Amino acid sequence: MTEAGVGREAAAGPAPEKSPDGTGPRPPWNRLPWKRANGSAGGPGEIRHLGLVAALALLALVGVVTQPDNFATSGNLVGILALAATIGVITVGMTFVIIGGGIDLSVGALMALASVWATTLATQSYGPAVMVMCAILVGTGAGLVNGILIAYGRLVPFIATLAMLVAARGLAQRMSDRKTQLVRPENNAIEALSTTKVLGLPLVVYIFAAVAAAGWVLLNRTTFGRRTFAIGGNPEAARLAGINVRRQTVALYGLSGLCCGIAAIIIMARTTTGSSTHGDLYELDAIAAVIIGGTLLTGGRGTLIGSILGVLVFTLITNLFILNGLQTSDQLIAKGVIIVAAVLLQRRGLRSPT
């Protein structure tokens, strides 16, 4: 090769990385920077996870010291996991939405609506299987409405999901006449999800684990997950790369609604009721868990493992406050401080040189 040729090659830079089938350049969301962003190739993701594990260990130590007779019992630990199951399932869907560059304020209200709809006398007359299907369909359907309003109606996610929060909570109140609806004895298969234990853990915990595992695979091992990171990082670049951004957005909110429907089944199993008051402020708990887990509110980066650890941190804090007889107001203050600290750490990490 002549010196001129070498100069032209150096000026042009390295050849673009080929796609797996060799037909063209590798899509930008499939390169190594994406892997570093979500923590799958080492770096800040694992460091944050270790920090959350250390926080859990510290909170557990506080529990053992302050309540040695009550905290470290099998019943209390199982109770912590059962409490984490409901908000944890919602957090899985919230993680996808926020990584995709959105926000969903309606998750608590959708869970309430799904629980009320599934426990009406008309629905319960068809048996527990129909109740479960009803909760899932109601949650998924409402989530898809959110996605359509945002993707095709071009509403800001904050406004669209805030409107859904108000509407879903109001519809739940109207359907139940502001009364708590009990699961009838002939449908005790719903309650069995909470009372039946396998290896010492209730079935609702296994449901949570299954949803989390499926979510991890979907986010980290499928094209759907890569597209989610892509539209969250840069929607215009994702569109130019051939991703149908609108359809992906609708799917993300539908997935969040699906998680709300599953969470409604769990709350019905734990309380044997459907109520318009279920899920109050769950949207804030889910967003907080996602944030402290390392997911950026601006989208494009995050991990599901971090979100689950965030759920466990908040659930453990709630448990410690209850065991020590502290007021709910103090608990909310502590959560607020944690959220602010997590956001400040994120901003500091973004400013740090890589």
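Before reading on, note that the structure itself is shown above.
Residues numbered from 1 in each chain as written. Predicted model: local features only at pLDDT ≥ 70, side-chain atom pairs only at ≥ 80, totals over all residues. Heavy atoms only, no water.

A. Spotlight on the overall build of the chain. Looking only at helices and strands, one finds 16 helices and four strands in the chain. Every one of the 354 residues in the chain was classed for burial, and the buried ones make up 46%. In the chain, of all internal contacts separated by at least 6 residues, the share reaching a separation of at least 24 is 76%. Split by element, the accessible area of the chain, about 17,200 Å² in all, is 66% carbon and sulfur. (Helix = DSSP H or I, 4+ residues; strand = E, 2+ residues; numbered from the N terminus. Buried < 20%, exposed > 50% of the residue type's maximum accessible area, 1.4 Å probe, protein only. Contact = heavy atoms within 4.5 Å. Areas by Shrake-Rupley, 256 points an atom, 1.4 Å probe, with all protein chains shown as cover.)

B. View of helix 14 (residues 282-292). By the criterion of burial, helix 14 is predominantly enclosed, with nine of the eleven residues buried. Every buried residue belonging to helix 14 is among Tyr-282, Glu-283, Ala-286, Ile-287, Ala-288, Ala-289, Val-290, Ile-291 and Ile-292, and all of these are buried. A positive phi of about 105° marks Gly-294, the residue just after helix 14.

C. Here's a closer look at the packing of aromatic side chains. Tallied over the entire structure, the rule returns one aromatic pair. For the pair Phe-96 and Phe-224, a centre-to-centre distance of 6.2 Å together with 45° between the ring planes defines the contact as tilted. Here Phe-96 is found in helix 4 (residues 74-99), whereas its partner Phe-224 is found in helix 11 (residues 223-233), with 128 residues between them in sequence. By relative accessible area, which is 1% here, Phe-96 ends up buried. (Phe/Tyr/Trp six-rings, centres within 6.5 Å; stacked < 30°, edge-to-face > 60°.)

D. A look at the nonpolar core. Counting residues in hydrophobic clusters, the biggest one holds 79 residues, and the most contacted among them are Val-89, Ile-90, Val-92, Met-94, Met-111, Ala-135 and Val-313. In terms of residues, this core owes the most to one element, helix 13 (residues 245-271), which gives 13 residues. Residues in contact with Val-89, not counting those within four places in the same chain, are Phe-208, Val-211, Cys-259, Ile-262, Ala-263 and Ile-266. (Core = buried A, V, L, I, M, F, W, Y, C linked by side-chain atoms within 4.5 Å.)

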